[in-house]
Amino acid sequence: MNLLSRVAPAALLLGLSTTAALAEFVGPTAVPEAAAFDAQGEPVFVNRSDIYDFRALPSYSEPEFVTAFVEAGKLPPVAERLPAEPLVFNTATMANGAGVYGDVMRHVIGGRPEGWNFWAGQSYGWGGIDIGLVECLTRTGPLFQVNAEDLQPMPNLAKSWDWSEDGKSLTVHLVEGAKWSDGVPFNTEDIAFYWDNIVMDPNVTQLMGASQATYGEGTTLEVLDDYTFVFHFTTAFPEAVLYAMAYGNFCPGPAHALKPHHPAFGGESYEGFLNSVPADYLNFPTMGAWVVTEHRPDDIVVTRRNPYYWKVDSDGQQLPYLNEVHFRLSTWGDRDVQAIAGTGDFSNLEQPENFVESLRRAADPAAPARLAFGPRTIGYSLVPNMSANGWGEPDERGQKVRELNRNLDFRLGMSQALDRVRLGESLVKGPFTAEYPGGLLAGTSFYDAGSTVYYPTSTDSAKAHFEAAGLTDSDGNGFYNFPGGDDVQVALLVNGDYQTEKNLAEGIVAMMADAGIKVVLNTQSGNDQNAARDSGRYDWFIDRLGAHMITVVQNTAALAPVGPLTYNGHHANNAGELDLLPFEQEIAATINAFVDSRDADQRVELMKTYQRLFTENAYQIGLTAFPGALIVNKRFANVPEGAPIFMYNWAEDNIMREQVYVPADQQAALELQPNTLPGEPGSAGPVTAE
Ligand code: GLA
């Protein structure tokens, strides 16, 4: 499409419409060029098995203080706690080589733990706490440094997998003999519980939304023995499932601890299941490197090393190297400030409001932290709720907004009302932000500028589109009215934990007002915003893009409403019905074809189609995209070069914290619970060897 213009429909000679009557539609243009922004630090590319594999080593070791527990008869010897073939990190590919034990990583996070039942939908507070406490069948964070020829998810709890000849089944082999942090074996009982009673149970809504459609409609799971299970598919070689086994999706919980609370096994109710491990519960079993041993609300979560952790380095040292990890419960903005000041150890610098000051302070050679910018992988979009059949149970006004959202002219009006340059500059001036047209992010491997339809800013054209959608300013107050009724009023759901999101929201309110649409803010805490979003209780929301818009292969199902729960702008109603518009059906069919295809060229073409459909229809309204920087205190070693703050996963996974260490001469006395290990699940805290 080239500069196409239609004359706006005749409008009333009142209020807004006097200008709009003269306005013409401004058609799409090429995507504007963004200022170059080079990432600092290139990854050292390797094959997956260069990073780690699974094998038995001649001997194993552990920190001295842990040996004291063994000697006191409180813990089996390390070799007995480990799997027969543990996951072995190769010290040769570590950024700085074999580590030493000790010290702490002090995270600061803006979220709050709701409780520890992640599987029933409780948030741990983000910022790397859940990423550390739940381990998944496969792992994708470190893929940013994997050679393109070897690009596939890394093994993790699944140590290997094989496809049947016809590609209709995938046999998955779990690591054998690994144990939960309380010493209970990890095996297919955990897998079956996760599949049957979490994924397949419609009464359980997972936090990150994995549902059956994530694994393909009709997929079933069959357990063969303690360490082997098989996925059966209705299509051949759905390789996306390997990515759907990584963080966000297949991260099983401890069946032995959760089962008794689940209604299928005698638990009283789903509500009871959800709340079965409240936030003050300590030592909940995990497969992760550290276990929660203390939680002071609004203050700190302390985690201590898991003596049963099933990973070692190639010298036989049981991981993790760090004895403790803290999560200071504060704000996301404070995370940047503390990491720069050296009172915290880590931040994903992702709020542009903090860029300039952080850069200035990190430039001082005496600064305590390293700061390195990555590619522009942080993007925001405006998502209209596309359901008109009851998802989120809108009232009459809400229902009318849903119907407008489903009107292409209305969405084009939304898009053209927004000045993306100003939105970006309201966050930070300089070369950081780029106009984001929506869909796949520029600079990522499947992005194609030629398939991206960009609607330039034009308040007049926005008004012309709103009028074409049937709106008039019938009372002449400068805001459009619903046909024959009140002013159109749209509630914008905002995650108030992020200053960036609040600033974008204010820009949207002002720009929409200029174009005659009244937007009111519904600003919530992160946990409440997530709940409102996931249950469809919103008109529009601001979305920080997920990994699917960057990699396409991670969480592919989130790209489109391919199932009742997969796309966060359009879920099914309570009856399971999804009222997709024709273009949404095309988008969903494109993603299904992408998942089914093993032909690289065809996959590229399908993503071009996706991008065109998505942007041409303004399915989501792109706002701005910018880079983020990883800030890590200089005393840490083994932080991989070029680790992006976000790609397949967040940096907390990308840097593989279990192999990060602090050299002996730089260790600080920061452990709050020295010489202790996690106690029994549900007990008061950590324990000593005495
Ligand atoms: C939050 C933060 C991100 C990252 C993730 C990890 O979303 O904003 O920077 O730490 O948590 O889950």
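Further up the page is the structure itself.
Residues numbered from 1 in each chain as written. Predicted model: local features only at pLDDT ≥ 70, side-chain atom pairs only at ≥ 80, totals over all residues. Heavy atoms only, no water.

1. Section: the overall build of the protein chain
No. 1: Each helix and strand in the protein chain was counted, giving 21 helices and 22 strands.
No. 2: For 690 residues, the compact-globule estimate of 2.2 N^0.38 gives 26 Å, and the protein chain sits close to it at 26 Å.
No. 3: Viewed in the frame of its principal axes, the protein chain has a C-alpha envelope of about 90 × 55 × 50 Å.
No. 4: Put simply, the protein chain has 690 residues, and 60% of those count as buried.
No. 5: Taking all contacts inside the protein chain whose residues are at least 6 apart in sequence as the whole, residues at least 24 apart take part in 74%.
No. 6: Accessible area of the protein chain: about 24,700 Å², with a carbon and sulfur share of 50%. (Helix = DSSP H or I, 4+ residues; strand = E, 2+ residues; numbered from the N terminus. Rg over C-alpha atoms; globule rule 2.2 N^0.38 Å. Buried < 20%, exposed > 50% of the residue type's maximum accessible area, 1.4 Å probe, protein only. Contact = heavy atoms within 4.5 Å. Areas by Shrake-Rupley, 256 points an atom, 1.4 Å probe, with all protein chains shown as cover.)

2. Regarding the state of the cysteines
No. 1: Counting across every chain of the model gives one disulfide.
No. 2: A disulfide bridge connects Cys136 with Cys251, and the sulfur atoms are separated by 2.1 Å. Handedness of the Cys136-Cys251 disulfide follows from its S-S torsion of about 85°: it is right-handed. Residue Cys136 is located in the loop between helix 5 (129-133) and strand 4 (138-139), and its partner Cys251 is located in the loop between helix 7 (240-243) and helix 8 (255-258); the two are separated by 115 residues in the primary sequence. Just as Cys136 is buried, Cys251 falls in that class too. (Disulfide = S-S within 2.5 Å.)

3. Regarding the packing of helix 19 (residues 582-596) against helix 20 (residues 600-616)
Packed helices, taken two at a time, are described by the angle their axes make and the gap between the axes.
No. 1: Contact pair helix 19 / helix 20: the axes reach a minimum separation of 9 Å and the direction vectors enclose 160°. The angle between helix 19 and helix 20 falls in the class roughly antiparallel. The interaxial crossing formed by helix 19 with helix 20 has left-handed handedness. Contacts from Phe583, Glu586, Ile587, Thr590, Ile591, Ala593 and Phe594 in helix 19 reach Arg603, Leu606, Met607, Thr609, Tyr610, Leu613 and Phe614 in helix 20. (Axes fitted to C-alpha atoms, helices over the stretch in contact; angles between N-to-C directions. Parallel < 35°, antiparallel > 145°, perpendicular 65-115°, else oblique. Left-handed = near helix turned anticlockwise from the far one by under 90°.)

4. Quick look at the sheet that holds strand 6 (residues 158-163)
No. 1: With antiparallel pairing, the four strands of this open sheet are ordered in space as 6-7-9-8. One side of each edge strand has no neighbouring strand; the edge strands of this open sheet are strand 6 and strand 8 (220-225). The mean angle between the axes of side-by-side strands here comes to 25°, regardless of whether they run parallel or antiparallel.
No. 2: Both strand 6 and strand 7 (residues 169-174) contribute to a ladder of five bridges, which runs antiparallel. For Trp163, the partnering residue across the bridge sits in strand 7 and is Leu170. (Pairing = 2+ DSSP bridges.)

5. A look at the packing of aromatic side chains
No. 1: According to the stated counting rule, one finds 42 aromatic pairs in the structure shown.
No. 2: Where Phe355 meets Phe432, the ring centres are 5.1 Å apart and the plane angle is 70°; that geometry is what we call edge-to-face. Here Phe432 lies in the loop between helix 14 (420-425) and strand 17 (434-435) and Phe355 lies in helix 11 (residues 355-362), a separation of 77 residues in the sequence.
No. 3: Taken together, a centroid distance of 5.5 Å and an interplanar angle of 75° make the contact between Phe614 and Tyr619 edge-to-face.
No. 4: Take Phe614: its relative accessible area is 0%, and that puts it in the buried class.
No. 5: What links up through ring pairs into an aromatic cluster is the set Trp163, Tyr194, Trp195, Tyr215, Phe229, Phe231, Phe233, Phe237 and Phe250.
No. 6: A cation over an aromatic ring shows up here: Lys400 above the ring of Phe482, its NZ or CZ 4.9 Å from the ring centre. (Phe/Tyr/Trp six-rings, centres within 6.5 Å; stacked < 30°, edge-to-face > 60°. Lys NZ or Arg CZ within 6 Å of the ring centre and 35° of its normal.)

6. A look at the site of the ligand
No. 1: Neighbouring residues of the ligand: Trp126, Gly127, Gly128, Ile131, Trp332, Arg335, Asn348, Glu350, Tyr498, Arg544, Trp650 and Glu652.
No. 2: One nitrogen or oxygen atom from the main chain of Gly127 is found 2.9 Å from an oxygen atom belonging to the ligand.
No. 3: Separating an oxygen atom of the ligand from a side-chain N or O atom of Arg544 is a distance of 2.6 Å.
No. 4: In the complex, the protein chains occlude 96% of the 310 Å² of accessible area that the ligand would expose alone.
No. 5: Of the residues assigned to the shell around the ligand, the class counts are five nonpolar, three polar and four charged. (Near = heavy atom within 4 Å. Polar contact = N/O pair within 3.5 Å; in protein donor to acceptor, adjacent residues only side chain to side chain. Nonpolar A, V, L, I, M, F, W, Y, C, P; charged D, E, K, R; others polar.)

7. Some details on unusual backbone geometry
In terms of backbone geometry, most residues other than glycine have negative phi values and most peptide bonds are trans.
No. 1: Omega for the bond connecting Leu319 with Pro320 falls within 30 degrees of zero, at 0°, which places this linkage in the cis form.
No. 2: Its location among the elements puts Pro320 in the loop between strand 12 (311-313) and strand 13 (324-329).
No. 3: Residues other than glycine seldom take positive phi values, yet Asn283 does so here, at roughly 65°.
No. 4: Mapping Asn283 onto the fold places it in the loop between helix 9 (270-274) and strand 10 (290-296).
No. 5: Residue Val552 is not a glycine yet carries a positive backbone phi of 70°.
No. 6: In this fold, Val552 is placed in the loop between helix 18 (548-551) and helix 19.

8. Focus on the nonpolar core
No. 1: Among the nonpolar cores identified, the biggest contains 177 residues, and Tyr215, Phe231, Phe250, Leu382, Met512, Ile517 and Trp540 are the most heavily contacted of them.
No. 2: Counting residues per element, this core draws most heavily on helix 6 (residues 188-199), at six residues.
No. 3: Domain assignment of the residues forming this core places at least three in each of domain 1 (48-372 + 630-687) and domain 2 (385-626).
No. 4: The contact partners of Met512, leaving out residues within four places of it in the chain, are Leu382, Met414, Ala417, Leu418, Ile517, Val519 and Trp540. (Core = buried A, V, L, I, M, F, W, Y, C linked by side-chain atoms within 4.5 Å. Domains from an automatic or database assignment.)

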